[in-house]
Amino acid sequence: MAEDGQTTERVQLCYCGNAKIFPQLLLSALSAAMHTKAPLEVRMVTLDLTDVDARFSPLTEEQRALLERALQEYNASSLVRRVDAGEAYRKYLAGGKNEKGFYTPYAMLRLLFDCMPMLEKLLYLDTDTMCRKDISALWQTDITGYEFGAVKDQEGKFWIRRDYCNSGVLLLNVARCRETGLLARARARVKKRRMMMPDQSALNFLAKKKLFLPRRFNEQRGVREDTVIKHFCRGFKWYGPFFRIYNIKQTDREGVHERLHIDCFDDVFAVYDALLVQHRSVIEKG
(Lines give C-alpha, C1' and ligand atoms only; values in the text may rest on other atoms or scores of the structure.)
Protein backbone atom coordinates (compact mmCIF):
# COMPACT_ATOMS: atom_id res chain seq x y z
CA MET A 1 0.00 0.00 0.00
CA ALA A 2 1.39 3.41 -0.96
CA GLU A 3 1.70 6.27 1.56
CA ASP A 4 -1.24 8.10 -0.02
CA GLY A 5 -3.48 5.11 0.64
CA GLN A 6 -3.59 3.92 -2.96
CA THR A 7 -2.84 0.31 -3.75
CA THR A 8 0.36 -0.26 -5.73
CA GLU A 9 -0.78 -3.54 -7.31
CA ARG A 10 -1.45 -2.75 -10.94
CA VAL A 11 -4.47 -3.98 -12.83
CA GLN A 12 -3.02 -5.70 -15.89
CA LEU A 13 -4.98 -4.62 -18.96
CA CYS A 14 -4.36 -5.72 -22.52
CA TYR A 15 -5.63 -4.34 -25.84
CA CYS A 16 -4.91 -5.48 -29.40
CA GLY A 17 -5.05 -3.38 -32.53
CA ASN A 18 -3.49 -1.09 -35.08
CA ALA A 19 -2.98 2.67 -35.19
CA LYS A 20 -6.44 3.29 -36.63
CA ILE A 21 -8.25 2.11 -33.51
CA PHE A 22 -6.16 4.21 -31.10
CA PRO A 23 -9.04 6.68 -30.50
CA GLN A 24 -11.18 3.78 -29.20
CA LEU A 25 -8.28 2.38 -27.16
CA LEU A 26 -7.57 5.79 -25.63
CA LEU A 27 -11.22 6.27 -24.62
CA SER A 28 -11.41 2.79 -23.13
CA ALA A 29 -8.19 3.08 -21.12
CA LEU A 30 -9.08 6.58 -19.95
CA SER A 31 -12.43 5.36 -18.67
CA ALA A 32 -10.68 2.56 -16.76
CA ALA A 33 -8.18 4.98 -15.19
CA MET A 34 -10.84 7.54 -14.25
CA HIS A 35 -12.95 4.99 -12.39
CA THR A 36 -10.32 2.65 -10.91
CA LYS A 37 -8.32 3.46 -7.79
CA ALA A 38 -5.51 1.02 -8.51
CA PRO A 39 -2.80 1.86 -11.05
CA LEU A 40 -3.06 0.29 -14.47
CA GLU A 41 -0.45 -1.51 -16.51
CA VAL A 42 -1.65 -1.48 -20.08
CA ARG A 43 -0.21 -3.62 -22.86
CA MET A 44 -0.90 -2.49 -26.42
CA VAL A 45 -0.34 -5.58 -28.58
CA THR A 46 0.22 -4.65 -32.21
CA LEU A 47 2.15 -5.40 -35.38
CA ASP A 48 2.82 -4.04 -38.86
CA LEU A 49 0.56 -5.79 -41.38
CA THR A 50 0.75 -3.26 -44.21
CA ASP A 51 1.88 -6.12 -46.46
CA VAL A 52 -1.63 -7.59 -45.99
CA ASP A 53 -3.55 -4.29 -46.03
CA ALA A 54 -2.14 -0.77 -46.37
CA ARG A 55 -4.40 0.39 -43.51
CA PHE A 56 -2.87 -2.04 -41.02
CA SER A 57 -0.09 0.11 -39.60
CA PRO A 58 0.95 -0.64 -36.00
CA LEU A 59 0.20 1.33 -32.87
CA THR A 60 3.10 3.74 -32.44
CA GLU A 61 5.55 4.62 -29.69
CA GLU A 62 4.11 8.15 -29.74
CA GLN A 63 0.65 6.75 -29.03
CA ARG A 64 2.04 4.59 -26.21
CA ALA A 65 3.75 7.59 -24.61
CA LEU A 66 0.65 9.78 -24.92
CA LEU A 67 -1.55 7.12 -23.34
CA GLU A 68 0.88 6.62 -20.46
CA ARG A 69 1.00 10.35 -19.71
CA ALA A 70 -2.80 10.53 -19.83
CA LEU A 71 -3.24 7.59 -17.43
CA GLN A 72 -0.65 8.96 -15.01
CA GLU A 73 -2.87 12.00 -14.49
CA TYR A 74 -5.08 9.63 -12.45
CA ASN A 75 -2.41 7.44 -10.90
CA ALA A 76 1.30 8.20 -11.21
CA SER A 77 2.13 4.48 -11.00
CA SER A 78 0.27 3.55 -14.17
CA LEU A 79 2.34 2.24 -17.08
CA VAL A 80 1.79 1.49 -20.76
CA ARG A 81 3.83 -1.04 -22.73
CA ARG A 82 3.86 -1.62 -26.46
CA VAL A 83 4.17 -5.30 -27.44
CA ASP A 84 5.13 -6.24 -30.99
CA ALA A 85 3.38 -9.47 -31.97
CA GLY A 86 4.92 -9.62 -35.43
CA GLU A 87 7.21 -12.61 -34.90
CA ALA A 88 4.54 -14.72 -33.18
CA TYR A 89 1.85 -13.77 -35.72
CA ARG A 90 3.98 -14.72 -38.70
CA LYS A 91 4.94 -17.99 -37.06
CA TYR A 92 1.44 -19.14 -36.08
CA LEU A 93 -1.29 -17.17 -37.89
CA ALA A 94 -0.02 -15.51 -41.08
CA GLY A 95 -1.73 -16.62 -44.27
CA GLY A 96 -4.58 -18.29 -42.40
CA LYS A 97 -8.16 -18.72 -43.59
CA ASN A 98 -9.38 -15.76 -41.50
CA GLU A 99 -6.63 -13.25 -42.22
CA LYS A 100 -8.88 -11.39 -44.68
CA GLY A 101 -12.24 -12.02 -43.06
CA PHE A 102 -14.86 -9.67 -41.61
CA TYR A 103 -12.72 -9.04 -38.52
CA THR A 104 -9.18 -7.73 -38.88
CA PRO A 105 -6.24 -10.04 -38.03
CA TYR A 106 -5.69 -7.94 -34.89
CA ALA A 107 -8.73 -9.59 -33.30
CA MET A 108 -6.80 -12.86 -33.31
CA LEU A 109 -3.73 -11.52 -31.49
CA ARG A 110 -5.18 -12.54 -28.12
CA LEU A 111 -4.60 -16.14 -29.23
CA LEU A 112 -0.84 -15.46 -29.11
CA PHE A 113 -0.59 -14.44 -25.47
CA ASP A 114 0.91 -17.76 -24.40
CA CYS A 115 3.87 -17.44 -26.77
CA MET A 116 4.77 -13.81 -26.05
CA PRO A 117 6.31 -12.18 -22.96
CA MET A 118 3.06 -11.81 -20.99
CA LEU A 119 2.05 -12.19 -17.36
CA GLU A 120 0.33 -15.33 -16.10
CA LYS A 121 -2.96 -13.45 -15.71
CA LEU A 122 -4.35 -10.66 -17.90
CA LEU A 123 -7.56 -8.71 -18.33
CA TYR A 124 -8.12 -8.40 -22.06
CA LEU A 125 -10.53 -5.71 -23.31
CA ASP A 126 -11.73 -5.02 -26.82
CA THR A 127 -11.05 -1.41 -27.75
CA ASP A 128 -14.80 -0.74 -28.09
CA THR A 129 -15.34 -1.08 -24.34
CA MET A 130 -15.82 1.68 -21.76
CA CYS A 131 -15.49 1.31 -18.00
CA ARG A 132 -18.21 2.88 -15.89
CA LYS A 133 -17.00 1.70 -12.47
CA ASP A 134 -13.86 0.42 -10.75
CA ILE A 135 -12.64 -2.72 -12.54
CA SER A 136 -10.57 -3.96 -9.58
CA ALA A 137 -13.26 -6.45 -8.52
CA LEU A 138 -13.15 -8.04 -11.97
CA TRP A 139 -9.35 -8.13 -11.98
CA GLN A 140 -9.26 -9.73 -8.51
CA THR A 141 -11.71 -12.50 -9.46
CA ASP A 142 -10.16 -15.89 -8.71
CA ILE A 143 -9.81 -17.90 -11.92
CA THR A 144 -7.60 -20.64 -10.50
CA GLY A 145 -8.36 -23.81 -12.45
CA TYR A 146 -10.15 -21.94 -15.25
CA GLU A 147 -8.69 -21.01 -18.62
CA PHE A 148 -10.62 -17.75 -18.73
CA GLY A 149 -13.55 -15.89 -17.30
CA ALA A 150 -16.11 -14.27 -19.60
CA VAL A 151 -19.72 -13.09 -19.83
CA LYS A 152 -22.23 -14.97 -21.96
CA ASP A 153 -22.87 -13.44 -25.37
CA GLN A 154 -26.30 -11.81 -25.36
CA GLU A 155 -27.15 -13.06 -28.87
CA GLY A 156 -24.88 -16.07 -29.21
CA LYS A 157 -26.31 -17.82 -26.15
CA PHE A 158 -29.60 -18.11 -28.06
CA TRP A 159 -28.55 -18.86 -31.64
CA ILE A 160 -25.19 -20.62 -31.15
CA ARG A 161 -25.31 -22.41 -27.78
CA ARG A 162 -26.26 -21.62 -24.21
CA ASP A 163 -22.72 -21.42 -22.82
CA TYR A 164 -21.37 -19.25 -25.67
CA CYS A 165 -19.35 -16.32 -24.29
CA ASN A 166 -18.44 -12.92 -25.66
CA SER A 167 -14.67 -12.54 -25.93
CA GLY A 168 -14.63 -8.73 -25.76
CA VAL A 169 -13.83 -8.94 -22.03
CA LEU A 170 -11.64 -11.87 -21.03
CA LEU A 171 -10.04 -12.52 -17.68
CA LEU A 172 -7.31 -14.80 -18.98
CA ASN A 173 -5.42 -17.38 -16.97
CA VAL A 174 -2.47 -17.51 -19.37
CA ALA A 175 -0.62 -20.07 -17.26
CA ARG A 176 -3.61 -22.45 -17.34
CA CYS A 177 -4.02 -21.91 -21.09
CA ARG A 178 -0.43 -23.05 -21.55
CA GLU A 179 -1.14 -26.20 -19.56
CA THR A 180 -4.28 -27.10 -21.52
CA GLY A 181 -2.99 -25.87 -24.87
CA LEU A 182 -6.17 -23.82 -25.39
CA LEU A 183 -4.60 -20.91 -27.25
CA ALA A 184 -2.39 -23.17 -29.37
CA ARG A 185 -5.41 -25.25 -30.40
CA ALA A 186 -7.43 -22.11 -31.09
CA ARG A 187 -4.64 -20.75 -33.31
CA ALA A 188 -4.57 -23.96 -35.29
CA ARG A 189 -8.32 -23.86 -35.81
CA VAL A 190 -8.56 -20.25 -36.99
CA LYS A 191 -5.63 -20.73 -39.36
CA LYS A 192 -7.10 -23.79 -41.07
CA ARG A 193 -10.86 -23.21 -40.91
CA ARG A 194 -12.87 -20.26 -42.20
CA MET A 195 -15.11 -19.02 -39.37
CA MET A 196 -17.65 -16.25 -38.88
CA MET A 197 -16.28 -15.12 -35.51
CA PRO A 198 -12.95 -16.93 -35.57
CA ASP A 199 -11.12 -16.18 -32.33
CA GLN A 200 -14.28 -15.95 -30.21
CA SER A 201 -15.75 -19.19 -31.50
CA ALA A 202 -12.46 -21.07 -31.27
CA LEU A 203 -12.08 -20.09 -27.61
CA ASN A 204 -15.67 -21.10 -26.87
CA PHE A 205 -15.64 -24.44 -28.63
CA LEU A 206 -12.19 -25.55 -27.42
CA ALA A 207 -12.14 -24.38 -23.80
CA LYS A 208 -12.10 -27.13 -21.21
CA LYS A 209 -13.17 -24.96 -18.28
CA LYS A 210 -14.37 -21.36 -18.33
CA LEU A 211 -15.78 -19.18 -15.56
CA PHE A 212 -19.06 -17.43 -16.35
CA LEU A 213 -18.80 -13.83 -15.14
CA PRO A 214 -21.75 -11.59 -14.17
CA ARG A 215 -23.30 -9.56 -16.97
CA ARG A 216 -22.20 -6.29 -15.37
CA PHE A 217 -18.61 -6.97 -16.47
CA ASN A 218 -19.52 -7.01 -20.18
CA GLU A 219 -22.81 -5.27 -20.79
CA GLN A 220 -23.57 -5.73 -24.49
CA ARG A 221 -26.88 -3.88 -24.55
CA GLY A 222 -28.10 -0.78 -22.69
CA VAL A 223 -26.22 0.50 -19.65
CA ARG A 224 -27.76 -0.67 -16.37
CA GLU A 225 -27.27 0.56 -12.81
CA ASP A 226 -24.70 -2.12 -11.96
CA THR A 227 -22.80 -1.97 -15.28
CA VAL A 228 -19.03 -1.94 -14.79
CA ILE A 229 -17.96 -2.32 -18.43
CA LYS A 230 -20.11 -1.31 -21.39
CA HIS A 231 -19.23 -3.09 -24.64
CA PHE A 232 -20.13 -1.14 -27.79
CA CYS A 233 -20.35 -4.30 -29.88
CA ARG A 234 -22.73 -5.12 -32.70
CA GLY A 235 -26.26 -5.82 -31.61
CA PHE A 236 -29.74 -6.56 -32.91
CA LYS A 237 -32.93 -4.57 -32.44
CA TRP A 238 -36.46 -5.67 -33.28
CA TYR A 239 -38.26 -3.36 -35.71
CA GLY A 240 -41.70 -4.74 -36.52
CA PRO A 241 -41.27 -8.08 -38.30
CA PHE A 242 -37.50 -7.68 -38.81
CA PHE A 243 -34.28 -7.59 -36.83
CA ARG A 244 -31.84 -4.80 -37.68
CA ILE A 245 -28.13 -4.83 -36.88
CA TYR A 246 -26.55 -1.78 -35.27
CA ASN A 247 -22.85 -1.21 -34.65
CA ILE A 248 -22.29 2.06 -32.82
CA LYS A 249 -18.84 2.55 -31.31
CA GLN A 250 -17.99 4.95 -28.51
CA THR A 251 -16.17 7.19 -31.00
CA ASP A 252 -19.53 7.88 -32.65
CA ARG A 253 -20.58 10.50 -30.12
CA GLU A 254 -23.83 11.36 -31.87
CA GLY A 255 -24.82 7.72 -32.12
CA VAL A 256 -23.99 7.08 -28.46
CA HIS A 257 -26.15 10.00 -27.33
CA GLU A 258 -29.03 9.97 -29.77
CA ARG A 259 -29.43 6.33 -30.79
CA LEU A 260 -28.17 4.48 -27.72
CA HIS A 261 -29.27 7.20 -25.26
CA ILE A 262 -26.06 6.82 -23.22
CA ASP A 263 -24.54 9.88 -21.54
CA CYS A 264 -22.68 8.39 -18.58
CA PHE A 265 -19.32 8.65 -20.37
CA ASP A 266 -19.45 12.38 -21.05
CA ASP A 267 -16.74 13.02 -18.44
CA VAL A 268 -14.42 10.70 -20.36
CA PHE A 269 -15.32 12.36 -23.66
CA ALA A 270 -14.41 15.76 -22.18
CA VAL A 271 -10.91 14.55 -21.23
CA TYR A 272 -10.50 12.91 -24.64
CA ASP A 273 -11.53 16.12 -26.43
CA ALA A 274 -8.92 18.12 -24.51
CA LEU A 275 -6.23 15.62 -25.51
CA LEU A 276 -7.43 15.72 -29.11
CA VAL A 277 -6.95 19.49 -29.29
CA GLN A 278 -3.29 19.14 -28.30
CA HIS A 279 -2.38 15.78 -29.90
CA ARG A 280 -4.67 15.19 -32.87
CA SER A 281 -1.86 14.06 -35.19
CA VAL A 282 -0.81 11.34 -32.73
CA ILE A 283 -4.32 10.19 -31.78
CA GLU A 284 -5.63 10.06 -35.35
CA LYS A 285 -2.42 8.75 -36.91
CA GLY A 286 -4.14 5.74 -38.39
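Our subject is the structure listed above.
Positions within a chain are numbered from 1, following the residues in the order the chain's sequence is written. In keeping with the predicted nature of the model, local features appear solely for residues at pLDDT of at least 70, side-chain atom pairs appear and are counted solely at 80 or more, and the whole-chain, interface and lining totals rest on all residues. As a rule here, side-chain values come from all non-hydrogen atoms in the structure, and water together with hydrogens is ignored.

Explanation requested: the sheet that holds strand S7 (residues 165-173) in the structure shown.
Hydrogen bonding along the main chain pairs the strands of a sheet, whether they run parallel or antiparallel. We treat two strands as partners when DSSP finds at least two bridges between them. Per the convention used, a helix needs a DSSP run of H or I reaching at least four residues, while a strand needs a run of E reaching at least two, with both numbered from the N terminus. Taken in spatial order, the 7 strands line up as S3-S2-S1-S4-S7-S6-S8 in an open sheet, and their pairing is mixed. Among the strands making up the open sheet, the edge pair consists of strand S3 (79-84) and strand S8 (210-212). Each adjacent strand pair in this sheet contributes to an overall mean axis angle of 30°, direction not counted. Bridge analysis of strand S2 (residues 40-46) against S3 gives 6 bridges, and the strand direction is parallel. Across the sheet, Val45 pairs through a bridge with Val83, a residue of S3. Whether two residues touch is decided by their heavy atoms; if any such pair falls within 4.5 Å, the residues are in contact. Lines fitted to C-alpha atoms define the axes here, with helix axes fitted over just the stretch in contact, and angles between the N-to-C directions of these axes take values from 0 to 180 degrees. Where helix H2 (residues 61-72) meets the sheet, it contacts S2 and S3, and its direction lies at approximately 160° from that of S3.

Would you take a moment to explain the environment of Thr50 for this structure?
With respect to the helices and strands, the residue Thr50 is situated in the loop between S2 and H2. Under the scheme applied here, a residue whose accessible area is under 20% of the maximum for its type counts as buried, over 50% as exposed, and between as partly exposed, the area being computed with a 1.4 Å probe on protein chains only. Residue Thr50 is classed as partly exposed on the basis of its relative accessible area, which comes to 38%. Here Thr50 is in contact with Phe56 and Ser57, once residues within four sequence places are set aside.

Can you walk me through the side chain of Gln220 in this structure?
Topologically, Gln220 is positioned in the loop between S8 and strand S9 (229-231). There is a polar contact of 3.1 Å between the side chain of Gln220 and the backbone oxygen of Lys152. What qualifies as a polar contact is a pair of N or O atoms within 3.5 Å, subject to a donor-acceptor requirement within protein and to the restriction that residues adjacent in sequence count only when both atoms come from side chains. Within the structure, the side chain of Gln220 is placed 2.8 Å from the backbone nitrogen of Gln154, a separation counted as a polar contact. Those residues within four positions of Gln220 in sequence are excluded, and the remaining contacts are Val151, Lys152, Asp153, Gln154, Asn166, Lys230, His231, Cys233 and Tyr246.

Looking at this model, I keep getting lost on helix H8 (residues 198-206). Mind explaining?
Since the α-helix turns once every 3.6 residues, residues separated by three or four places project in the same direction. Most of H8 sits out of view: 8 of its 9 residues are buried. Each element contacted by the buried residues of H8 is listed here: strand S6 (148-152), S7, helix H7 (182-192) and S8.

Quick question: what am I supposed to make of helix H10 (residues 266-283) here?
Compared with the 26 Å implied by 1.5 Å per residue over 18 residues, the 19 Å span of H10 between its first and last C-alpha is markedly short. For H10, the full list of buried residues reads Val268, Phe269, Tyr272, Leu275, Leu276, Val282 and Ile283. Elements that come into contact with the buried residues of H10 comprise helix H1 (22-35), H2, strand S5 (129-131) and helix H9 (253-259). For a helix, the expected span equals 1.5 Å multiplied by the residue count minus one.

Would you mind showing me how to read unusual backbone geometry here?
In terms of backbone geometry, most residues other than glycine have negative phi values and most peptide bonds are trans. Despite not being glycine, His261 has its phi angle at roughly 60°, a positive value. Examined against the element boundaries, His261 turns out to sit in the loop between H9 and H10.

Quick question: what am I supposed to make of the packing of aromatic side chains here?
In this description, an aromatic ring pair is defined by two values, namely the gap between the centres and the angle between the planes. Working definition: rings of Phe, Tyr and Trp (its six-membered ring) pair if their centres are within 6.5 Å, and the pair is stacked with planes under 30 degrees apart, edge-to-face with planes over 60 apart, and tilted otherwise. Counting across every chain of the model gives 5 aromatic pairs. Each ring, one from Phe113 and one from Tyr124, has its centre 6.4 Å from the other, and the planes form 55°; the classification is tilted. Within this pair, whereas Phe113 is found in the loop between helix H3 (86-92) and strand S4 (121-125), its partner Tyr124 is found in strand S4, the two being separated by 11 residues in sequence. Of the residues examined, Phe113 reaches a relative accessible area of 0% and is grouped as buried. Any Lys NZ or Arg CZ found within 6 Å of a ring centre and within 35 degrees of that ring's normal is scored as a charge over the ring. Across the ring face of Trp139, the terminal group of Lys121 is positioned such that the distance to the ring centre comes to 4.8 Å. We note Lys230 situated over the ring of Phe232; from NZ or CZ to the ring centre the distance is 5.3 Å.

Before we go on, may I ask you to explain the environment of Gln154 in this structure?
Tracing the backbone shows Gln154 in the loop between S6 and helix H5 (156-159). With relative accessibility at 4%, the residue Gln154 sits in the buried group. In this structure the C-alpha to C-alpha distance between Gln154 and Leu13, which are 141 residues apart in sequence, comes to 23 Å.

What exactly am I supposed to notice about the pattern of salt bridges here?
Any two side chains of opposite charge can pair, given that their charged atoms come close. We define a salt bridge as a side-chain nitrogen of Lys or Arg found within 4 Å of a carboxyl oxygen belonging to Asp or Glu. Applying the stated criterion to the full structure yields 18 salt bridges. The shortest N-O distance in the salt bridge between Arg64 and Glu68 comes to 3.4 Å. You can see Arg64 and its partner Glu68 sitting in helix H2, 4 residues apart, about one turn around the helix. For Arg64, a relative accessible area of 15% corresponds to the buried category.

Before we go on, may I ask you to explain the nonpolar core in this structure?
When a protein is soluble and globular, its nonpolar side chains tend to lie buried together. Judged by nonpolar contacts, the single largest core of 51 residues is most densely connected at Leu13, Val42, Leu67, Leu123 and Ile135. With 8 residues, H1 is the largest single contributor of residues to this core. Counting residues in each nonpolar core, the second largest holds 37 residues, with Val45, Phe148, Cys177 and Val190 among its members. Take the buried residues of types Ala, Val, Leu, Ile, Met, Phe, Trp, Tyr and Cys, join any two whose side-chain atoms come within 4.5 Å, and each joined set is a nonpolar core.

Limitation: the analysis is restricted to geometry and does not speak to function.
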